[in-house]
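Structural overview for review
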Amino acid sequence: MSNSILKGKKGIIFGALDETSIAWVTANKIYNEGGRFILTNAPVAIRMGDIEKLAEQTESKVIPADATSIEDLENLVEKAMNDLGSKLDFVLHSIGMSVNVRKGKEYTDLNHDWMTKGWDVSAVSFHKLMQTLFKLDAMNEWGSIVALTYIASQRTFPNYNDMADNKAYLESIARSFGYYFGKEKKVRVNTISQSPTLTTAGKGVKGLDDFLNYAELTSPLGNASAEECADYTISLFSDYTRKVTLQNLYNDGGFSNVGVSQEICLLYTSPSPRDRG
């Protein structure tokens, strides 16, 4: 059901690859709520994914951009404002990549060139994006910028590897740059710490199914879906959250505040098949 809470709002969505992407689901929700936007991703991701299909569904334009390139970001933002006919009201940063994870490297044996590449794509790109938006004065007052993150930024999840470091850095950038965006531009900057979600990108994380099952058993409300993350993001893009900024907001069914659940305890207190004879 649509309430048109984003009617008249315009923005940019980074990171939609295919129908499993949170950015893809969010784009459809924004469109249904009356928002208009430019879709963007790295050229190689555009070739690999189905973003043109999403563009057709949402009557949007795709502008390729390498989010680690200031030149590409400047071109993207300027073209977006020109095509949309105004400054921007919202921006979604849904980008993350670790070559070390893809290659199966252990955290104690990382390739540091790959580590730097993943850091640039997953975290520093957020600073580059906001710096570009800031310098071009591209955001309308009371606009909203959101990046997606994961609780491994603040807790230890060994298989998440150097992506945990990237997410920690991303969250710090949101707080630091968000201060200046709020003071000087009246723009909100927040991160959403989402439940583990089965996406094409996430499938590269070793043991993702175990992540999902453990979080589901721990969270009082269960894992938040991509659809529910999209709903939360829309609320942050709306006028109902004008004074929410510099926050890392958990959309995880309560996982982040649970030490251990009864369900997890039962896994260790129930007799094993061996004990039952």
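What you see is a predicted model; the values in this text were computed from it and never measured.

**Focus on the overall build of the chain**
- Helix and strand content of the chain: 10 helices and 7 strands.
- Taken against the 2.2 N^0.38 rule, which gives 19 Å for 277 residues, the C-alpha radius of gyration of the chain at 19 Å falls within 12% of a compact globule.
- Across its three principal axes, the chain shows a C-alpha extent of roughly 70 × 45 × 40 Å.
- For the chain, with 277 residues in total, the buried portion stands at 52%.

**Thoughts on the layout of surface pockets**
- Of the pockets and cavities examined, the second largest pocket occupies roughly 170 Å³.
- The wall of the second largest pocket is formed by 11 residues, among which Lys105, Glu106, Asn159, Asn161 and Lys206 lie closest to the centre.
- Here the residues of the lining of the second largest pocket sort into 3 nonpolar, 5 polar and 3 charged.

**As for the environment of Asn190**
- Along the chain, Asn190 falls in strand 6 (residues 188-194).
- Residues Asn190 and Ala45, spaced 145 residues apart in sequence, show a C-alpha to C-alpha distance of 25 Å.
- At a separation of 2.9 Å, a polar atom in the side chain of Asn190 contacts the main-chain carbonyl oxygen of Val244.
- A distance of 3.0 Å separates the side chain of Asn190 from the backbone nitrogen of Gln247, its partner in a polar contact.

**Quick look at the nonpolar core**
- Core analysis: the biggest nonpolar cluster contains 35 residues, and Phe14, Leu88, Phe126, Leu133, Ile145 and Phe181 have the highest contact counts within it.
- Looking at this core, the elements that each hand over two or more residues are strand 1 (10-14), helix 4 (70-84), strand 4 (88-93), helix 6 (112-135), strand 5 (139-149) and helix 7 (163-185).
- Residue contributions to this core peak at 7 residues, all from helix 6.
- Leaving out residues up to four positions away in the same chain, Leu88 has contacts with Lys10, Gly11, Ile12, Ala80, Met81, Leu133, Ala138, Met139 and Asn140.
- Among the nonpolar cores identified, the runner-up in size contains 28 residues, and Trp24, Val25, Ala27 and Cys229 belong to it.

**What about a nonpolar patch on the surface?**
- Together, Tyr179, Tyr180 and Leu246 line one region of the surface with nonpolar side chains, adding up to about 290 Å² of accessible area.
- In this fold, Tyr180 is placed in helix 7.
- Taking the relative accessible area as the measure of exposure, Tyr180 reaches 45% and is therefore partly exposed.

**Looking at helix 7**
- The end-to-end C-alpha separation of helix 7 is 30 Å, in line with the 33 Å expected for 23 residues at 1.5 Å each.
- Most pronounced at Phe177, the bend in helix 7 amounts to some 25°.
- Those residues of helix 7 lying buried are Met163, Ala164, Asn166, Lys167, Leu170, Glu171, Ile173, Ala174, Phe177, Gly178, Phe181 and Lys185.
- Backbone geometry just after helix 7 places Lys186 at a positive phi near 55°.

**A few points about unusual backbone geometry**
- Even without being a glycine, Glu59 presents a positive backbone phi close to 55°.
- Following the sequence through the fold, Glu59 ends up in the loop between helix 3 (51-58) and strand 3 (61-62).
- A positive phi is found at Asn161, a non-glycine position, where the angle reads about 60°.
- With respect to the helices and strands, the residue Asn161 is situated in the loop between strand 5 and helix 7.

Parameters at a glance
- Residues numbered from 1 in each chain as written.
- Predicted model: local features only at pLDDT ≥ 70, side-chain atom pairs only at ≥ 80, totals over all residues.
- Heavy atoms only, no water.
- Helix = DSSP H or I, 4+ residues; strand = E, 2+ residues; numbered from the N terminus.
- Rg over C-alpha atoms; globule rule 2.2 N^0.38 Å.
- Buried < 20%, exposed > 50% of the residue type's maximum accessible area, 1.4 Å probe, protein only.
- 1 Å grid on protein atoms, 1.4 Å probe; cavity = no way out; pocket = protein on both sides within 12 Å on 5 of 7 lines; lining within 4 Å.
- Points joined across faces, edges and corners; volume = space filled by probe spheres on them.
- Nonpolar A, V, L, I, M, F, W, Y, C, P; charged D, E, K, R; others polar.
- Polar contact = N/O pair within 3.5 Å; in protein donor to acceptor, adjacent residues only side chain to side chain.
- Core = buried A, V, L, I, M, F, W, Y, C linked by side-chain atoms within 4.5 Å.
- Contact = heavy atoms within 4.5 Å.
- Patch = residues over 30% accessible without salt bridge, like charges linked within 9 Å, V, L, I, M, F, W, Y side chains within 5 Å.
- Areas by Shrake-Rupley, 256 points an atom, 1.4 Å probe, with all protein chains shown as cover.
- Salt bridge = Lys/Arg side-chain N within 4 Å of Asp/Glu carboxyl O.
- Expected span 1.5 Å × (residues − 1).
- Bend = angle between axes of the 7 residues up to and from the residue.

Everything listed here is a matter of geometry and, on its own, says nothing about what the molecule does.
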